[in-house]
Amino acid sequence: RQMCKETALYLKLALSEKLGLNLRGEYFNDKDGVRYFGPLQVTAFTVTADVNLVQDHLIFKPEFRVDKSKDNFFEKHNGELTDLQSTIGGALVFSF
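Heads up: these notes are all about the structure in this document. Along each chain, residue indices are assigned from 1 in the same order as the chain's sequence is written. Given that this is a predicted model, residues contribute local features only at a pLDDT of at least 70 and side-chain atom pairs are listed and counted only at 80 or more, while totals for whole chains, interfaces and linings are drawn from all residues. Side-chain metrics rest on all non-hydrogen atoms present in the structure, leaving aside hydrogens and water.

Its location among the elements puts Asp50 in strand β3 (residues 40-54). Judged by relative accessible area, Asp50 falls into the buried class, the value being 12%. Sequence separation between Asp50 and Glu80 is 30 residues, and the spatial gap between their C-alpha atoms is 35 Å. Once you skip the residues sitting within four places of it in the chain, Asp50 turns out to touch Lys12, Lys18, Leu19, Gly20, Asn22, Ile59, Phe60 and Lys61. Elements are defined by DSSP. Helices are runs of H or I of four residues or more, strands are runs of E of two residues or more, and each kind is numbered from the N terminus. Here the term buried applies to any residue with accessible area under 20% of the maximum for its type, exposed to any over 50%, and partly exposed to those in between, with areas from a 1.4 Å probe on protein chains only. It only takes one pair of heavy atoms within 4.5 Å for two residues to be counted as in contact.

The structure is reproduced here in C-alpha cells:
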C-alpha cells in the first residue's frame, strides 16, 4: 500500500479588523512517490496575509512560501536541481 504522510500546523493572528497574518508549517513524506512522482521529504513554511479590503466581502491574500527538501528535487531557472524553493502568490477572494 502506497502512502504519503503530511503534517501541518496553522497559526492565525488578527492584527486589526482589516489585517490578519497566517503562519503555516508543513512536513511531507512521500516515500512512495504518490504525490510527487518520486520519493520526497519536504519541510515548508508559509506566511499569508489577509487584507480585508471591503468589509468581509473582498479580501486580498498575498503569500510567501519556502520549501526545503531532503534531496535536490526542485528545478532552478537554469535547469539545475536544488533542495530549496521559494514562491510568491496571491488570491483575491470575493464573498456575497
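Glancing now at the pairing of strand β4 (residues 58-69). In summary, the side chains of a regular strand alternate between the two faces of the sheet. Strand pairing is assigned whenever DSSP detects at least two bridges linking the two strands. Of the strand pairs in this sheet, β3 and β4 are connected by 10 bridges, and their pairing is antiparallel. Pairing of Val42 across the sheet is with Ser69, part of β4. Hairpin remark: β3 followed by β4, antiparallel, with three residues in the connecting loop; positive phi at Asp56, about 65°. When β4 meets strand β7 (residues 84-94), the two strands line up antiparallel, connected through 11 bridges. Counterpart to Pro62 in the pairing with β7 is Gly90.

This part takes up the pattern of salt bridges. Side chains that differ in sign of charge can pair as their charged atoms come close. Throughout this description, the term salt bridge denotes a Lys or Arg side-chain nitrogen within 4 Å of a carboxyl oxygen of Asp or Glu. Enumeration according to the criterion identifies seven salt bridges in this entry. Two residues, Asp50 and Lys12, come together in a salt bridge whose shortest N-O distance is 3.8 Å. Taken together, the positions of Asp50 in strand β3 and Lys12 in strand β1 (residues 5-14) put the pair 38 residues apart, joining distant regions of the chain. For Glu26, the salt bridge is made with Arg24, and the minimal N-O distance between the two is 3.0 Å. With a relative accessible area of 14%, Glu26 lands in the buried category.

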